[in-house]
Amino acid sequence: MSAALPYLLAFLTAFAVSYYRVYISEKFHTLFFLLYKDKFVILYSICYGLIGVILFSILKDSALDFLGNNTKIDRVYIKAFSIGIATKAISDINLFDLKVAGTQMPLGVKTFTLPIDKFFEQQFNSSGYTKSRAFLTPYYTKFQSRSADIQQFKQEVSKSLKRFYPDQKQVGYFSTSDNYINSSAADEVLLLVLTEFGVKVFRDTFDNLGA
């Protein structure tokens, strides 16, 4: 069992780092409250956990010995942990790009991991959209009548955001963004606020706004 522990450590570390990267990602962070138990987020993390195990198997004997006089057992566990942490960075290594039929193909470790990343990003997008629509349905029902005077509604939303979000500059940028200015229905406004500011600010903003 002890011989398998470094591999388990590499797997768990790579799993945790990959899961955390989805959480902090610019694209999915504000919707993570809907995705944290999503099967594709778990499968993505498992996938990179297994990649971490493969990398540890390849690198455990050739990785630089930077640990001084520590025992061999200490070294193998620290190497497993270090490779687990670095798994995503290693998997993104790209030596150069090759143009094929007008598109660029990365050559390196990323050649093998790019399709994985693209597949899971599509699944995250799909799950995030479906679950956000379900979350927003009661708010759509509450505010659908406000589409009749969408400009007034957007002004009230911007004013409410300033009450509940501390970064006034970000609220200003959001209120003057093309997506917000061009939104023509209450449901568009609701989705924009949720994806930009997250669930807490969303609830504070719209739970305290009149229908």
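Up top is the structure these notes are about.
So, here's what we can say about the structure. (Residues numbered from 1 in each chain as written. Predicted model: local features only at pLDDT ≥ 70, side-chain atom pairs only at ≥ 80, totals over all residues. Heavy atoms only, no water.)

## Topic: the overall build of the protein chain
Here is step 1: A tally of regular secondary structure across the protein chain gives 10 helices and 2 strands.
Here is step 2: Across the protein chain, helices and strands are ordered from the amino to the carboxyl terminus as α-α-α-α-β-β-α-α-α-α-α-α.
Here is step 3: When each of the 211 residues of the protein chain is scored for burial, the buried share is 36%.
Here is step 4: When contacts within the protein chain are restricted to residue pairs at least 6 apart in sequence, those whose partners lie at least 24 apart make up 68%. (Helix = DSSP H or I, 4+ residues; strand = E, 2+ residues; numbered from the N terminus. Buried < 20%, exposed > 50% of the residue type's maximum accessible area, 1.4 Å probe, protein only. Contact = heavy atoms within 4.5 Å.)

## Let's talk about the pattern of salt bridges
Here is step 1: Counting across every chain of the model gives 6 salt bridges.
Here is step 2: The closest approach of N and O atoms between Glu-156 and Arg-146, which form a salt bridge, is 3.0 Å. Within this pair, whereas Glu-156 is found in helix H6 (residues 150-164), its partner Arg-146 is found in the loop between helix H5 (110-143) and H6, the two being separated by 10 residues in sequence.
Here is step 3: With a relative accessible area of 25%, Glu-156 lands in the partly exposed category.
Here is step 4: Overlapping salt bridges bring together Lys-88, Asp-92 and Asp-117 as one network. (Salt bridge = Lys/Arg side-chain N within 4 Å of Asp/Glu carboxyl O.)

## A look at the packing of helix H9 (residues 186-197) against helix H10 (residues 199-207)
A pair of packed helices is characterised by two quantities: the angle between their axes and the separation of those axes.
Here is step 1: Where H9 contacts H10, the axes come no closer than 7 Å and their chain directions differ by 140 degrees. Classed by the angle they form, the pair H9 and H10 counts as oblique. Here Leu-190, Val-193, Leu-194 and Phe-197 of H9 lie close against H10, whose contacting residues are Val-199, Val-201, Phe-202 and Phe-206.
Here is step 2: Here the residues of the contact of H9 with H10 are counted per class, giving 8 nonpolar, no polar and no charged. (Axes fitted to C-alpha atoms, helices over the stretch in contact; angles between N-to-C directions. Parallel < 35°, antiparallel > 145°, perpendicular 65-115°, else oblique. Nonpolar A, V, L, I, M, F, W, Y, C, P; charged D, E, K, R; others polar.)

## Observations concerning helix H7 (residues 168-175)
Here is step 1: Turning to H7, its buried residues number three or more, namely Val-171, Phe-174 and Ser-175. One side of H7 holds all its buried residues, which, seen down the axis, span an arc of 95 degrees. Facing away from the buried side of H7 by over 90 degrees, the exposed positions are Lys-169 and Tyr-173.
Here is step 2: Buried residues along H7 sit against H6, helix H8 (178-182) and H9.
Here is step 3: The opening residue of H7, the one whose side-chain oxygen lies 3.1 Å from the backbone nitrogen of Lys-169, is Asp-167. (Arc of directions from axis to C-beta. Polar contact = N/O pair within 3.5 Å; in protein donor to acceptor, adjacent residues only side chain to side chain.)

This is a description of form; function is not addressed.
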